Amino acid sequence: MTLVFFWTDALVWLLVAMLGGFLFYVRGREHLRRPWRKILADPAAMASLTVLLAFGAIGVLDSLHFQFTDPQAENGNEPLSLLDVALTPLRSRDEKTYSAPLAWHSYSRETLGGNGVVLRDYPRLQYGGAQLADPENQWAGNVVLRGGLGLLGGLALWACGLGARVLFPSPRGRGVRGEGHLSSGSAVTLTALILCLLAGLLTGLASGYHPLGTDKVGQDVLYQSLKSIRTGLVIGTLTTLVMLPFALLLGMLAGYFRGLADDVIQYLYTTLNSIPGVLLIAAAILVTQVYMANHEEDFASLAARADLRLLFLCLILGLTSWTGLCRLLRAETLKLRDMEFVQAARALGVSDGMILLRHILPNVFHIVLISVALDFSSLVLAEAVLSYISIGVDPATHSWGNMINSARLELARDPVVWWPLASALVFMFTLVLAANLFADAVRDAFDPRRGGGT
Amino acid sequence: MIAYLLRRLLYAVPLLIGVNLLTFVLFFVVNSPEDMARMHLGQKHVTTEAIAKWKHERGYDLPLFWNEGQAGLEKLEKTIFFEKSVRLMRFDFGSSDSGRDIGADIGERLWPSLAISLPALLAGLLTNVTLALGVVFLRQTALEFTAMIGCVALMSVSPLFYIIGGQFLFARLLQLVPISGWDGGTDSFRFLILPVAISVVSGIGSGVRWYRTLFLEEVEKDYVRTARAKGLSEARVLFVHVLRNALIPILTGVVVVIPLLFMGSLLMESFFAIPGLGSYTIDAISRQDFAVVRAMVYLGSALYILGLLLTDISYTLVDPRVRLS
């Protein structure tokens, strides 16, 4: 068993490290902590942060891949992530084709060869409800039992977490009370309760069934939805990582030096901006497709290939989306460069680079933070649309876009196959809603023009 | 004014050249025509003659920038860059990789795109502005809070869901409108209702939030207080005074997108099988027809630059304080 690092894995861990570093940096500085305290006191923001952290934890678990050298391993040589290992039963229990959520029989009728009697009926599933001897009568009771046990488990998990918090309270005072009816602490507790109960329920049901059904090739839809989380998060965050250096450097340079540099940079981003985003992405993806088709030997495995395509998508999205932030940063830098403190620094003989780094950068950072938070959700939504137009992630990558894409044909079936579509949409909606609410809170807390006093 | 317009028009030229260069680099330098031929003809068992034939038919067998074999100006003209990119500057799109005339295709497919995107824009604008004014009218009440939460929720739903869900509910289950399709005549109305309605609904979340911030900025101003002090009703203050003054940012926001309406909507047109430019682009992407994608990239950029120009003009028309110089 060896550790395998895909490109996006490495970048995800880099991002986690950067986030940690940022938090550590903020901890020691009171003026930076003030807006965060405002966010901590906002129940809606804290509830959505809890959801985001849950999604993030799943994404990070899914970003640590191992190569199992065990030749007995059931799926050959493809590397598995920690999440794959944790979800082994879901991952490996494939049925033949579609089956409805919690079903014990297949979606379509098959000819069951009896002794001379030809019978067309729904065959039993290989795994879903296999424990039932008499499914017609036992099914409902068994589902309630497993679901109930799962709920109890979830409740116990939540109680453990709560107990730990009561036993080991954080050194600084807890429970910052917001102006609403609900303190942010209880909002977190409540969200955690809901998440724990949901996780418990799904785990309980997954022990004997496919809680969200199976897809065309019989793969568990819950497993796919969970795997898609990483794709969504990677697109939402790595794109930002790609975009930031361009936007920061060019925006600040244009605003600070004005003149020729400003003209060139403005020309650059107006040109890029005037190409419709989707078309530029489509063109770039087409080009990478040709490149990858002609250089097949460079990609070790299917997974590595899919991973590189994901990385390319992030790069392309990043290269097409830095213009908006760049323009904002330029405008802000133009304003800052004439302020007294910058003039004073210049009069004291501080070099331009130092002024940009020590005096301008910290003062434009709130703009970066706000726009990163606001962009995240639109990037997650964009992934689905791009995958639908077949210029998104690799078809082999689990993503909500790919799930929705295949749902077009599924809705035309009779009876309707609605569960893959519904699961993808619910998961995506939860993530994007949480991200939107959190982004609003970040904007309110950091934007100096918005309600300074409140 | 005319001098200003001329200057803006001249500024559009380097932008178009930049776009042109960028697309050229993307399509011909990063991947050689050889790669494209291999992609189209299949990866293996391709004879060099087949590749040469494919390239010759599409005019991709010329040198990129400089043709040594020719004499005089021909050295520049008989190159891929001149044939494919400089022609684009004159909006001469040439023919697609499958041999059709792109310019004629675009002229034909423009109208269905417009038939869906123009009503969608107008209806969306009307709905969003009305709803946003309503929300501002109810500001600082529980109703406003609920409406804003609703907007965030609407924004968080994938646009794909609106289309798939709307199509499924209204066309398949209720059978009120046809699922998809297009009819050239006046009968096309029934094909248009659902796509237009869906694009209005999917835009409500972000639209109402945006217009609300515009109105809230106006509401704080002095003339509004004066109007109230004179005893005007709140409704009259909002719908007459605030709306008129907020029209400036609203209008300029809309003018930018007007030229882009010709490009149609990628998603709507492909879901509803409308033969417009959006579905043309999608088809080209999935057929990997580089000539069409290149033409559409260029057309889209040109229309966007036109939109910027129109925005500047519209500023002077609606706001007498703005003088262009």
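Residues numbered from 1 in each chain as written. Chains lettered and ligands numbered in written order. Predicted model: local features only at pLDDT ≥ 70, side-chain atom pairs only at ≥ 80, totals over all residues.

Caption draft 1: Here's a closer look at the overall build of chain A. The secondary structure content of chain A amounts to 15 helices and five strands. In terms of its C-alpha atoms, chain A occupies a principal-axis envelope of roughly 100 × 60 × 45 Å. Looking at chain A as a whole, 42% of its 454 residues qualify as buried. Restricting to contacts in chain A with at least 6 residues of sequence separation, those with at least 24 account for 73%. (Helix = DSSP H or I, 4+ residues; strand = E, 2+ residues; numbered from the N terminus. Buried ≥ 20, exposed ≤ 12 C-beta atoms within 10 Å, placed from the backbone. Contact = placed C-beta atoms within 7 Å.)

Caption draft 2: Seen up close, the overall build of chain B. Helix and strand counts for chain B stand at 14 helices and zero strands. Secondary structure elements in chain B, listed N-terminal to C-terminal, are α-α-α-α-α-α-α-α-α-α-α-α-α-α. At 25 Å, chain B has a C-alpha radius of gyration far larger than the 20 Å of a compact globule built from 325 residues. Counting only C-alpha atoms and orienting by the principal axes, one finds that chain B spans roughly 85 × 60 × 35 Å. Put simply, chain B has 325 residues, and 31% of those count as buried. (Rg over C-alpha atoms; globule rule 2.2 N^0.38 Å.)

Caption draft 3: Main features of helix 10 (residues 277-294) of chain A. Its 18 residues place the ends of helix 10 of chain A 26 Å apart at the C-alpha level, agreeing with the 26 Å of an ideal helix rising 1.5 Å per residue. Turning to helix 10 of chain A, its buried residues are V278(A), L279(A), L280(A), I281(A), A282(A), A283(A), A284(A), I285(A), L286(A), V287(A), T288(A) and V290(A). (Expected span 1.5 Å × (residues − 1).)

Caption draft 4: Spatial organisation of the sheet that holds strand 1 (residues 2-4) of chain A. Residue and element names in this part refer to chain A. Spatial ordering of the open sheet is given by 1-2-3, a layout of three strands whose pairing is antiparallel. The outermost strands of the open sheet, each flanked by one partner alone, are strand 1 and strand 3 (80-81). In this sheet, strand 2 (residues 65-67) lies alongside strand 1 in antiparallel orientation, the contact comprising three bridges. For T2, the partnering residue across the bridge sits in strand 2 and is Q67. (Pairing = 2+ DSSP bridges.)

Caption draft 5: Molecular detail of the nonpolar core. The biggest cluster of nonpolar side chains holds 156 residues, and the ones touching the most others in it are I281(A), A282(A), A283(A) and V293(B). For this core, the element with the highest residue contribution is helix 15 (residues 419-446) of chain A, accounting for 17 residues. Formed by 14 residues, the second largest nonpolar core is a distinct cluster that contains V135(B), C151(B), M155(B) and L214(B). (Core = buried A, V, L, I, M, F, W, Y, C linked by C-beta atoms within 7 Å.)

Caption draft 6: Examining the confidence of the model for chain A more closely. The pLDDT averaged across chain A works out to 83; a share of 91% of its residues lies at or above 70. The low-confidence segment residues 173-179 of chain A (pLDDT under 50) makes 14 contacts with residues lying over four places distant or belonging to another chain. (pLDDT = per-residue confidence, 0-100.)

Caption draft 7: Quick look at the environment of I281(A). All names here are of chain A. Relative to the helices and strands, I281 resides in helix 10. A residue is classified by how many C-beta atoms lie within 10 Å of it, and I281, with 23 of them, is buried. Residue contacts for I281: discarding those within four places in its chain leaves I316, L317, T320, L386 and I391.

Caption draft 8: Here's a closer look at the interface of chain A and chain B. Listed as interface residues are 37 residues of chain A and, on the opposing side, 41 residues of chain B. For the side of chain A that touches chain B, the elements supplying multiple residues, two or more each, are helix 9 (259-274), helix 10, helix 13 (352-388), helix 14 (400-410) and helix 15 of chain A.

Caption draft 9: Fine view of the environment of H210(A). Residue and element names in this part refer to chain A. Mapped onto the elements, H210 comes out in the loop between helix 7 (184-206) and helix 8 (221-257). Placed 108 residues apart in sequence, H210 and L102 show a C-alpha to C-alpha distance of 5.3 Å. Setting aside residues no more than four positions away along its own chain, H210 makes contact with S99, P101, G128 and D220.

Caption draft 10: Representation of the packing of helix 10 of chain A against helix 11 (residues 302-336) of chain A in the model. All names here are of chain A. Look at helix 10 against helix 11: their axes get within 10 Å of each other, and the N-to-C directions meet at 145°. Handedness of the helix 10/helix 11 crossing: right-handed. Here G277, L280, I281, A284, I285, T288 and M292 of helix 10 come into contact with helix 11, specifically with R305, F312, I316, L317 and T320. Class assignment of the residues belonging to the contact of helix 10 with helix 11 gives a composition of eight nonpolar, three polar and one charged. (Axes fitted to C-alpha atoms, helices over the stretch in contact; angles between N-to-C directions. Left-handed = near helix turned anticlockwise from the far one by under 90°. Nonpolar A, V, L, I, M, F, W, Y, C, P; charged D, E, K, R; others polar.)

Caption draft 11: Broad picture of the confidence of the model for chain B. For chain B, mean pLDDT is 82; residues scoring 70 or higher make up 90% of the total. Among the prediction metrics, the complex's ipTM stands at 0.83, with pTM recorded as 0.87.

Caption draft 12: Representation of the environment of T186(B) within the structure. The topology assignment puts T186(B) in the loop between helix 8 (159-173) and helix 9 (189-219). Along the backbone, T186(B) and V240(B) are 54 residues apart, and their C-alpha atoms lie at a distance of 37 Å.

Caption draft 13: Inspection of the packing of helix 9 of chain A against helix 11 of chain A at higher detail. All names here are of chain A. Taken N-terminus to C-terminus, the directions of helix 9 and helix 11 make an angle of 130°; their axes are 9 Å apart at the nearest point. One finds that helix 9 runs oblique with respect to helix 11. Note on packing geometry: the crossing formed by helix 9 with helix 11 is left-handed. Contacts from Y269, L272 and N273 in helix 9 reach T320, T323, C326 and R327 in helix 11. Of the residues contributing to the contact of helix 9 with helix 11, the split by class is three nonpolar, three polar and one charged. (Parallel < 35°, antiparallel > 145°, perpendicular 65-115°, else oblique.)

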